[in-house]
Amino acid sequence: MPKATNPDDPNGDDGVQIDLISGERMDSLASTEKIRMILDGVHDGNIVILEEGLTPDEESKLIEMTMAEISPDAGFNGIEIETYPKSETKDSSLLGRLMGSNESAAKLTVIGPANQIETLHKDETLISALVSRN
Amino acid sequence: MGLLTGLKDSISRVTDRLFTDDQPKRIGIYGPPNAGKTTLANRIARDWTGDAVGTESHVPHETRRARRKEDVEIERDGQSVSIDIVDTPGVTTKVDYEEFTDEMEEDDAIRRSREATEGVAEAMHWLREDVDGVIYVLDSAEDPITQVNTMLIGIIESRDLPVLIFANKIDLDEASVKRIEDAFPQHKTVPLSAKEGQNMDEVYDNIAEYFG
Ligand SMILES: Nc1nc2c(ncn2[C@@H]2O[C@H](COP(=O)(O)OP(=O)(O)OP(=O)(O)O)[C@@H](O)[C@H]2O)c(=O)[nH]1
Ligand SMILES: [Mg+2]
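Caption draft 1: Structural context of the interface of chain A and chain B. Between chain A and chain B, the residue contacts involve 22 residues of the former and 26 residues of the latter. Each partner contributes to the roughly 2,100 Å² buried at the junction of chain A and chain B, and carbon and sulfur atoms together form 58% of this total. At the boundary of chain A and chain B, one finds 4 salt bridges. At the surface where chain A touches chain B, the tally comes to 10 residue pairs in polar contact (both at pLDDT 80 or more). At the level of elements, α3 (56-69) and β4 (79-84) of chain A are the ones that each hand at least two residues to the side of chain A that touches chain B. When residues in the side of chain A that touches chain B are grouped by element, the largest group, 9 residues, is from α3 of chain A. In the side of chain A that touches chain B, the residues fall into 8 nonpolar, 5 polar and 9 charged.

Listed below in structure tokens is the structure:
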């Protein structure tokens, strides 16, 4: 897994880990395994990027499993999830445009811990840079 | 109403029932927290049955258990359609108890957030297993393009459920029905104010047409 440093952090050692999961890797997993892998990454504080996104059914189970794991004591309050392109009509983000030119219908999906949503937004350029290398 | 006509009326209602294929359709009222789902469910139930369904509140996650109101008979143009309405907990991907600590004690806030997470899971379960159609309620004063709305609409579409989008709270100055229509052009959007009872005729016409 690539370890990227946070560009806003001058010391660079407080990096954010990004789990980039290829479509191929995902295809080899059962739905429950996919969701487990995503939530394990998010619990570790990582940002998980899925090259090919999830099916609606998997999204529905992801919401359900996330709810089951939210725990005020453990400091886990859920996930933030974004897909690119966001929608056909409204697509102004860099990453959105980048992915918009992609022929495949697959949506790139970025999932992170809700209490680190700042990181998710801040690292959008970082995420797009990583993704464009594919 | 005279005894005879009353009797004739109830007989014809029974035979109507016998000839409709099955049980009333279960219509799930879905949408993000605070959109006005319970306010709508209460209005529909009060208009056609006289009772309410659940409590409404400005604090999100007021509904934390799906609540069903059975056999709500809606009369339209001399026809009547019978549905079960299911008011569900607002769906989200995150619940932070600290959002409620302004409104209540910490213990209660933590309990509310625990119940809320169970409620959201239950709502998802109902969506996968137990509903025949969906009314998706949005607050017209808010941006409709959120990840949760996009995902939920996608999930509903993938299950081939008939869906109506209700653009609620049109009584608010900031309301924009067009923003919702533009966000989900593939579906019919019906503007209303569940709280003020605005445009309820169109609401019932559409319910009868889509779910009858
Ligand atoms: N202005 C306005 N307020 C409304 C309308 N409908 C509901 N509300 C208000 O919005 C708030 C939330 O309403 P609820 O019906 O409890 O919302 P809900 O979607 O059931 O919320 P959860 O159960 O928490 O998911 C309450 O303060 C309602 O009075 C409306 O048409 N106009
Ligand atoms: Mg409610």
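Text resumes after the structure shown.
Caption draft 2: How the structure looks around the coordination of the magnesium ion (ligand 2). Around the magnesium ion (ligand 2), the donor atoms from the protein are T38 of chain B (OG1) and T63 of chain B (OG1), and they sit 2.0 Å away. Placement of the pair is T38 of chain B in helix α2 (residues 37-48) and T63 of chain B in the loop between α2 and β2 (67-76), with a sequence separation of 25 residues.

Caption draft 3: Broad picture of the site of ligand 1. All names here are of chain B. Residues in contact with ligand 1 amount to 22 residues; listed here are only the nearest, K37, T39, H61, T63 and D171. S193 places a side-chain nitrogen or oxygen 3.0 Å from an oxygen atom of ligand 1. Look at ligand 1: alone it shows 650 Å² of surface, and the protein chains cover 92% of it. The element best represented in the shell around ligand 1 is α2, accounting for 3 residues.

Caption draft 4: Quick look at the packing of aromatic side chains. Tallying each qualifying case throughout the model produces 2 aromatic pairs over all chains. Over the ring of F100 of chain B we find R112 of chain B; its NZ or CZ atom is 5.4 Å from the centre of that ring.

Caption draft 5: Representation of the side chain of T88 of chain B within the structure. Residue and element names in this part refer to chain B. Mapping T88 onto the fold places it in the loop between β3 (79-87) and α3 (106-129). Residue classification places T88 among the buried positions, given a relative accessible area of 0%. Contact partners of T88, with chain neighbours within four places excluded, come to I29, Y30, K37, T63, A66 and A123.

Caption draft 6: Spotlight on the sheet that holds strand β1 (residues 25-30) of chain B. Residues and elements named next belong to chain B. Taken in spatial order, the 6 strands make up an open sheet running β2-β3-β1-β4-β5-β6, and their pairing is mixed. If you trace the sheet from one side to the other, it starts and ends with β2 and β6 (189-191), each paired once. Direction aside, the axes of adjacent strands within the sheet are offset by 30° on average. Note: β1 against β3, 5 bridges, orientation parallel. Bridge pairing in β3 links G28 to V86. With respect to the sheet, α2 is in contact with β1, β2, β3, β4 (133-139) and β5 (163-168), its orientation differing from that of β2 by roughly 55°. Where helix α4 (residues 147-158) meets the sheet, it contacts β1, β4 and β5, and its direction lies at approximately 165° from that of β4.

Caption draft 7: Representation of the nonpolar core. Ranked by size, the top nonpolar core spans 52 residues in total, and within it L62 of chain A together with Y30, V91, L127, V134, Y136 and L152 of chain B carry the most contacts. Residue contributions to this core peak at 9 residues, all from α3 of chain B. Sequence-distant contacts of Y30 of chain B, defined by excluding residues within four places in its chain, comprise K37, T88, V91, A123, W126, L127, V131, V134, I135, Y136, V137 and L152 of chain B.

Caption draft 8: Expanded view of unusual backbone geometry. Residue and element names in this part refer to chain B. Located in the positive-phi region is N34, a residue other than glycine, with phi close to 75°. On the basis of relative accessibility, which here comes to 32%, the residue N34 falls in the partly exposed class. Of note, the phi angle at H61 is positive, near 65°, even though the residue is not glycine. By the element assignment, H61 lies in the loop between α2 and β2. On the basis of relative accessible area, H61 is assigned to the buried category, the value being 7%.

Caption draft 9: The arrangement of the pairing of β4 of chain A in detail. Residues and elements named next belong to chain A. In terms of residue burial, β4 counts as a mostly covered element, since 6 of its 6 residues are buried. Burial of the side chains of β4 extends over both faces: I79, I81 and T83 are buried on one face and E80, E82 and Y84 on the other. For β4 and strand β5 (residues 108-113), the ladder comprises 6 bridges, and the chain directions are antiparallel. When the bridges of β5 are listed, Y84 appears paired with L108.

Reading guide: rules and limits
- Residues numbered from 1 in each chain as written.
- Chains lettered and ligands numbered in written order.
- Predicted model: local features only at pLDDT ≥ 70, side-chain atom pairs only at ≥ 80, totals over all residues.
- Heavy atoms only, no water.
- Contact = heavy atoms within 4.5 Å.
- Buried area = accessible area lost by both parts, 1.4 Å probe.
- Salt bridge = Lys/Arg side-chain N within 4 Å of Asp/Glu carboxyl O.
- Polar contact = N/O pair within 3.5 Å; in protein donor to acceptor, adjacent residues only side chain to side chain.
- Helix = DSSP H or I, 4+ residues; strand = E, 2+ residues; numbered from the N terminus.
- Nonpolar A, V, L, I, M, F, W, Y, C, P; charged D, E, K, R; others polar.
- Donors = N, O, S within 2.8 Å, 3.2 Å for Na, K, Ca; no water.
- Near = heavy atom within 4 Å.
- Areas by Shrake-Rupley, 256 points an atom, 1.4 Å probe, with all protein chains shown as cover.
- Phe/Tyr/Trp six-rings, centres within 6.5 Å; stacked < 30°, edge-to-face > 60°.
- Lys NZ or Arg CZ within 6 Å of the ring centre and 35° of its normal.
- Buried < 20%, exposed > 50% of the residue type's maximum accessible area, 1.4 Å probe, protein only.
- Pairing = 2+ DSSP bridges.
- Axes fitted to C-alpha atoms, helices over the stretch in contact; angles between N-to-C directions.
- Core = buried A, V, L, I, M, F, W, Y, C linked by side-chain atoms within 4.5 Å.

Shape is all these values report; function is a separate question.
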